[in-house]
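Breakdown of the fold
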Amino acid sequence: MTHSVPARRAAAGPWAEQTIRGGIVSQHLAFRGKATRRLTAIALAGLIPGLLAAQDQALIDEGETMFRRCMSCHMIGDGATNRVGPELNNVMGEQAGQGHEDYDFSDAMIEAGENGLVWTEETLDAYLENPRDYVPGTKMTFAGLRREEDRTAVIAYIASFSPDYDPAATGDGDGSE
Ligand code: HEC
């Protein structure tokens, strides 16, 4: 029995000191308290990324519904082709007005891209709020999405088809090595 005391003390770590005075019972309780808190922290740390992923997925699903407003002109995903507007695969992180199987962009959009417009969460949010305000002369005849939540959701959906998009990097997408 005497043997178990130093073993416990070692396992209890820095808070073992008070337990020498308090005896075995309080040591045991103190240890249990710490251990429980630690286990809770570990459990939460495992749970939070899972919750975030679920939230992301919910937002993407919402964006898929919102994308119906774009589908009269745009396709996205496997087999998407240009229609009235360009297909939107890999558009995030890309320079505006270029690529997409040589889609025939307006001069306004090509120029905006050449002047440095790259599609990110921020720029796409501004464009979708009021396309013709943000890129005067754009041929996207779409009134815009008034609600910020709607824009956030549709952007999350579009970003899910831009697997190489790195929001931290936002390259200029001008094709130069
Ligand atoms: C009425 C047709 C129409 C609708 C609806 C529409 N777009 Fe467009 N979109 C266009 C056209 C046309 C262009 C090309 C603009 C240009 O060249 O000026 C374009 C361009 C874009 C671009 C820029 C692509 C690039 O590579 O630079 C994005 C991004 C985009 N649209 C997203 C959307 C989203 C998201 C929606 C729905 C919320 C939407 N559009 C609704 C017609 C439309």
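The name an unreviewed UniProt entry assigns to the protein chain is Cytochrome c family protein, from the organism Pelagovum pacificum.

Bringing the overall build of the protein chain into the picture now. Of regular secondary structure, the protein chain possesses six helices and zero strands. Going residue by residue from the N terminus, the α and β elements of the protein chain occur as α-α-α-α-α-α. A burial count over the protein chain gives 20% of its 177 residues as buried. A sequence separation of at least 24 residues applies to 51% of the contacts in the protein chain between residues at least 6 apart.

Glancing now at the nonpolar core. Within the largest apolar cluster, 23 residues are counted, with the highest numbers of intra-cluster contacts made by Met92, Val154, Ile155, Tyr157, Ile158 and Ala159. Mapped by element, the contributors of at least two residues to this core are helix H3 (107-114), helix H4 (121-129) and helix H6 (148-159). Counting residues per element, this core draws most heavily on H6, at seven residues. Sequence-distant contacts of Met92, defined by excluding residues within four places in its chain, comprise Trp119, Thr120, Ile158, Ala159, Ser162 and Tyr165.

For H6, with 12 residues, the first-to-last C-alpha span of 16 Å sits near the 16 Å given by 1.5 Å per residue. Arg151, Ala153, Val154, Ile155, Ala156, Tyr157, Ile158 and Ala159 are the residues of H6 that are buried.

With that out of the way, let us pick up the site of the ligand. As a structural note, the neighbourhood of the ligand is formed by 28 residues, with Cys70, Cys73, Gly85, Ser106 and Met140 the closest of them. When contributions to the shell around the ligand are tallied by element, the ones reaching two or more residues are H3, H4 and H6. Looking at the shell around the ligand residue by residue, the class counts come to 18 nonpolar, eight polar and two charged.

Turning our attention to H3. Of all the residues in H3, the buried ones are Met109, Ala112 and Gly113. Down the axis, H3 shows its buried residues gathered within 100° of arc, on one side only. Gly116 sits one or two positions beyond H3 and adopts a positive phi of about 110°.

With respect to the element layout, Cys70 can be found in the loop between helix H2 (16-66) and H3. Along the chain, Cys70 and Val154 lie 84 residues apart, while their C-alpha atoms are 9.5 Å from each other.

Averaged over all residues, the pLDDT of the protein chain is 82; the fraction at 70 or higher stands at 76%. For residues 171-177, every residue scores under 50 in pLDDT, and the model assigns this stretch nine contacts once sequence neighbours within four places are set aside.

Each value, and the rule that gives it
- Residues numbered from 1 in each chain as written.
- Predicted model: local features only at pLDDT ≥ 70, side-chain atom pairs only at ≥ 80, totals over all residues.
- Helix = DSSP H or I, 4+ residues; strand = E, 2+ residues; numbered from the N terminus.
- Buried ≥ 20, exposed ≤ 12 C-beta atoms within 10 Å, placed from the backbone.
- Contact = placed C-beta atoms within 7 Å.
- Core = buried A, V, L, I, M, F, W, Y, C linked by C-beta atoms within 7 Å.
- Expected span 1.5 Å × (residues − 1).
- Near = placed C-beta within 6 Å.
- Nonpolar A, V, L, I, M, F, W, Y, C, P; charged D, E, K, R; others polar.
- Arc of directions from axis to C-beta.
- pLDDT = per-residue confidence, 0-100.

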